[in-house]
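Now for the letters of each chain:
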Protein chains: 2
Amino acid sequence: MEEMPIGFRFYPTEEELISFYLQNMLQHKNGNYFNRVIPLLHIYQFEPWQLPQKCGELCYGDPEQWFFFVPRQEREVHGGKPSRTTTTGYWKATGSPSDIYSSDGKVIGVKKCMVFYNGKAPRSAKTKWKMNEYKAIKQDLPTSTPGLRNEVSLCRVYVVSGSSRTFDRWPTST
Amino acid sequence: MEEMPIGFRFYPTEEELISFYLQNMLQHKNGNYFNRVIPLLHIYQFEPWQLPQKCGELCYGDPEQWFFFVPRQEREVHGGKPSRTTTTGYWKATGSPSDIYSSDGKVIGVKKCMVFYNGKAPRSAKTKWKMNEYKAIKQDLPTSTPGLRNEVSLCRVYVVSGSSRTFDRWPTST
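Since the model is a prediction, treat every value here as computed from it, not as a measurement.

About the cut-offs
Residues numbered from 1 in each chain as written. Chains lettered and ligands numbered in written order. Predicted model: local features only at pLDDT ≥ 70, side-chain atom pairs only at ≥ 80, totals over all residues. Heavy atoms only, no water. Disulfide = S-S within 2.5 Å. Buried < 20%, exposed > 50% of the residue type's maximum accessible area, 1.4 Å probe, protein only. Pairing = 2+ DSSP bridges. Helix = DSSP H or I, 4+ residues; strand = E, 2+ residues; numbered from the N terminus. Axes fitted to C-alpha atoms, helices over the stretch in contact; angles between N-to-C directions. Contact = heavy atoms within 4.5 Å. 1 Å grid on protein atoms, 1.4 Å probe; cavity = no way out; pocket = protein on both sides within 12 Å on 5 of 7 lines; lining within 4 Å. Points joined across faces, edges and corners; volume = space filled by probe spheres on them. Polar contact = N/O pair within 3.5 Å; in protein donor to acceptor, adjacent residues only side chain to side chain.

(A) Looking closely at the state of the cysteines. All names here are of chain A. For the structure on display, the rule yields zero disulfides over all chains. Here C55 is not cross-linked by a disulfide; its sulfur's nearest cysteine counterpart is in C59, at 5.8 Å. Taking relative accessible area as the criterion, C55 reaches 9% and is therefore assigned buried.

This is the structure in structure tokens:
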């Protein structure tokens, strides 16, 4: 598979992201193909606006969203909290995490939404950079012992645009 | 180009639809590739729910939207209005037509939105089937004489869903 024909692009469902991409990554079935779509990156070493250039080559030039596998941080392995601070600001969770369902109604993952703030609290300013962080549910466990696979998460970075982008002008489905 | 990898799909911008697909069709550069993405179809000979099966093979199985080139009707050639009546109901325009712009700010086409009604007016009932009809602007004309290329339009058929589809659960960009 080489260059995409015009109008075709990576526009995955959340189920595809978790059940195919994230699960394959967690099972170390990540070959060259995966790297060309969703590369593994320590995203917090970069500013949000540097991330579009770091995306997978098959998604290169997407003006809308950028996907990355993000490895667990060393401090998390030792029981600490992840650091989501960059040189110029920080990512902060917004709202509550929500469950992601497969099309047959099973919980397959959890999504956290984050917003990037410029500067340091309390003098920081919300930006238009947002992120969805997906983690997969541990499989093959009794439902009474739920848990998350924390080794790798899948992040979708995007910009909330106030302008009339082409996609935005399409009627919403609600 | 054969089958798309998981997560890749036809998700064109309006500019891609008009400037690439519709313009190529109008210039008779429509080869086999175009037919595999956006086939030419007299869509008003079918009920809306028959259309998903008629879509291009490279888009087959898309649960969200279906694209067709629609030829001008014979009655339109003779100055009449197009008939948008099917066996079970009819398509009706909603709202005003809107201009479609290229990324460099030129008007490249016009979009009409339509809704399908079951039955006959005034006893008809609005359905969840909707359509965007795109027509291209005549090119190479002084701007004082705008006009539409009416020979072929490009239609995007979709269903307004009340359920929590995966795409719908993504945060909106407003």
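(B) Structural context of the sheet that holds strand β4 (residues 107-118) of chain B. Residues and elements named next belong to chain B. As summarised here, the arrangement of the five strands in space is β2-β6-β5-β4-β3, forming an open sheet in which the pairing is antiparallel. Of all strands in the sheet, those bounded by a partner on one side alone are β2 (65-71) and β3 (89-101). On average, each strand axis in the sheet is tilted by 25° relative to the strand beside it, whichever way the strands run. Examined bridge by bridge, strand β5 (residues 125-137) and strand β6 (residues 148-159) share eight bridges and lie antiparallel to one another. Considered in β6, the bridge of N132 is made with R156. Running over the sheet, helix α1 (residues 14-26) touches β2, β3, β4, β5 and β6 and is turned about 65° from β5.

(C) Spotlight on empty space enclosed by the protein. Residues and elements named next belong to chain B. One pass over the full model with this rule turns up one cavity of 30 Å³ or more. The calculated volume of the largest cavity comes to roughly 100 Å³. Lining the largest cavity are 13 residues, with P71, R72, E76, E133 and S153 sitting closest to its centre. Only β2, β5 and β6 provide two or more residues apiece to the lining of the largest cavity. Looking at the lining of the largest cavity, the element that brings in the most residues is β6, giving three residues.

(D) Molecular detail of the sheet that holds strand β4 (residues 107-118) of chain A. All names here are of chain A. Spatially, five strands are ordered β2-β6-β5-β4-β3 in an open sheet, and the strand pairing comes out antiparallel. At either end of the open sheet lies a strand with only one pairing partner, and these are β2 (65-71) and β3 (89-101). Taken pair by pair, the neighbouring strands of this sheet meet at an average axis angle of 25°, ignoring direction. Across nine bridges, β4 lies against strand β5 (residues 125-137) in antiparallel orientation. Looking across to β5, one finds that Y117 is bridged to K126. Relative to the sheet, helix α1 (residues 14-26) contacts β2, β3, β4, β5 and β6 (148-159), its axis offset from that of β5 by approximately 65°.

(E) Just α1 of chain A, in detail. Residue and element names in this part refer to chain A. Burial within α1 is extensive, with 10 of its 13 residues counted as buried. The complete set of buried residues in α1 reads E14, E16, L17, I18, Y21, L22, Q23, N24, M25 and L26. Just beyond α1, the residue with positive phi is H28, at close to 55°.

(F) A look at the pairing of β4 of chain A. Residues and elements named next belong to chain A. One ladder, built from 10 bridges, connects β3 with β4; its direction is antiparallel. If you follow K92 over to β4, its bridge partner there is V115. Counting the residues in the hairpin turn of β3 and β4 gives five residues, including G105, whose phi is positive at 85°. In this antiparallel pair of consecutive strands, β4 and β5, the connection spans six residues, and G119 shows a positive phi of 90°.

(G) Region of interest: the side chain of T86 of chain A. All names here are of chain A. Here T86 is to be found in the loop between α3 (74-77) and β3. One polar contact links T86 to E47, side chain to side chain, over a distance of 2.7 Å. Looking at T86, its side chain comes within polar contact range of the main-chain nitrogen of T88, at 3.3 Å. Beyond its immediate sequence surroundings of up to four residues, T86 is in contact with Y44, F46, E47, W91 and F116.

(H) Just unusual backbone geometry, in detail. Residues and elements named next belong to chain A. P122 follows A121 through a cis peptide bond whose omega is 0°. Secondary-structure assignment places P122 in the loop between β4 and β5. One non-glycine residue, H28, adopts positive backbone phi at about 55°. Along the chain, H28 turns up in the loop between α1 and α2 (32-37).

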